[in-house]
Amino acid sequence: MTVITGKLGSVADLRGSFEREDPLLLTADERASPHLLARTADGRELRISFPRDSELNDGDVLTIEDEVGVVVRAAPEELYVVRPATALDWGVAGFQLGNLHRPVRFTADAMLTPKDPMVADLLHRLEIAYEERTVPFVGKRYGSFTGHHHHH
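**Q** Sorry if this is basic, but what is going on with the environment of Leu 8 here?
**A** As for its placement among the helices and strands, Leu 8 is situated in the loop between strand 1 (2–4) and strand 2 (9–10). Excluding residues that lie within four positions of it along the chain, Leu 8 makes contacts with Leu 14, Val 61, Leu 62, Thr 63 and Ile 64.

**Q** Sorry, what's going on with the packing of aromatic side chains here?
**A** Note on aromatic pairs: each is described by the distance of the centres and the angle between the planes. If you walk through the whole model with that rule in mind, you get 2 aromatic pairs. Between the aromatic rings of Tyr 80 and Tyr 130, the centroid separation amounts to 4.9 Å while the plane-to-plane angle is 65 degrees, which identifies the pairing as edge-to-face. Here the residue Tyr 80 occupies a position in strand 8 (residues 76–82), and Tyr 130 occupies one in strand 11 (residues 130–136), the gap between them amounting to 50 residues. Relative to Tyr 142, the ring of Phe 106 has its centre 5.7 Å away and its plane inclined at 65 degrees; by these criteria the two rings are edge-to-face. With Phe 106 in strand 9 (residues 105–106) and Tyr 142 in the segment after strand 11, this pair connects stretches of sequence that are 36 residues apart. Positioned above the aromatic ring of Phe 137 is the side chain of Arg 105, whose terminal nitrogen or guanidinium carbon lies 5.2 Å from the ring centre. One Lys or Arg, Lys 140, reaches over the ring of Tyr 142 and ends 5.3 Å from the middle of that ring.

**Q** Please clarify how the side chain of Arg 31 should be interpreted in this entry.
**A** Turning to its location among the elements, Arg 31 is positioned in helix 1 (residues 28–32). One buried charged residue, Arg 31, forms no salt bridge at all, with the nearest opposite charge on Glu 77 at 4.4 Å. Among the polar contacts made by the side chain of Arg 31, one reaches the main-chain carbonyl oxygen of Phe 137 at a distance of 2.6 Å.

Procedures and definitions
- Residues numbered from 1 in each chain as written.
- Predicted model: local features only at pLDDT ≥ 70, side-chain atom pairs only at ≥ 80, totals over all residues.
- Heavy atoms only, no water.
- Helix = DSSP H or I, 4+ residues; strand = E, 2+ residues; numbered from the N terminus.
- Contact = heavy atoms within 4.5 Å.
- Phe/Tyr/Trp six-rings, centres within 6.5 Å; stacked < 30°, edge-to-face > 60°.
- Lys NZ or Arg CZ within 6 Å of the ring centre and 35° of its normal.
- Buried < 20%, exposed > 50% of the residue type's maximum accessible area, 1.4 Å probe, protein only.
- Lys, Arg positive; Asp, Glu negative; His and termini not counted.
- Salt bridge = Lys/Arg side-chain N within 4 Å of Asp/Glu carboxyl O.
- Polar contact = N/O pair within 3.5 Å; in protein donor to acceptor, adjacent residues only side chain to side chain.

Structure follows, in structure tokens:
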């Protein structure tokens, strides 16, 4: 079993460094896990052991062996693709999804969040357009920007 402790780079960075791709299909939760046992499409067994707060991204190259690059690929997941019509709806949808502590990824024209009946009910009541799709859960992710400080 190969132990992976870091990324070599992205497919774009390493173009031409390998002849064939052996995809490692992972869900968003698996890509966010710093420790993982996984198997590639070709059957390679991998133990991933990254530092805390590391995250794998679609297109990350983990190893190159015998001209084959092991590449992380985002697995399709059942998601809601939320496409608010107005700036106000974008703000309301973002606020409500954040208030529910729902994971969200942002694309150029949509928000993606895992399928959940409570979210569907909320979006329906708010009259914010969304559709169910089975697609990779990828896009820009924003974490908490909060912190605290003390006044002396």
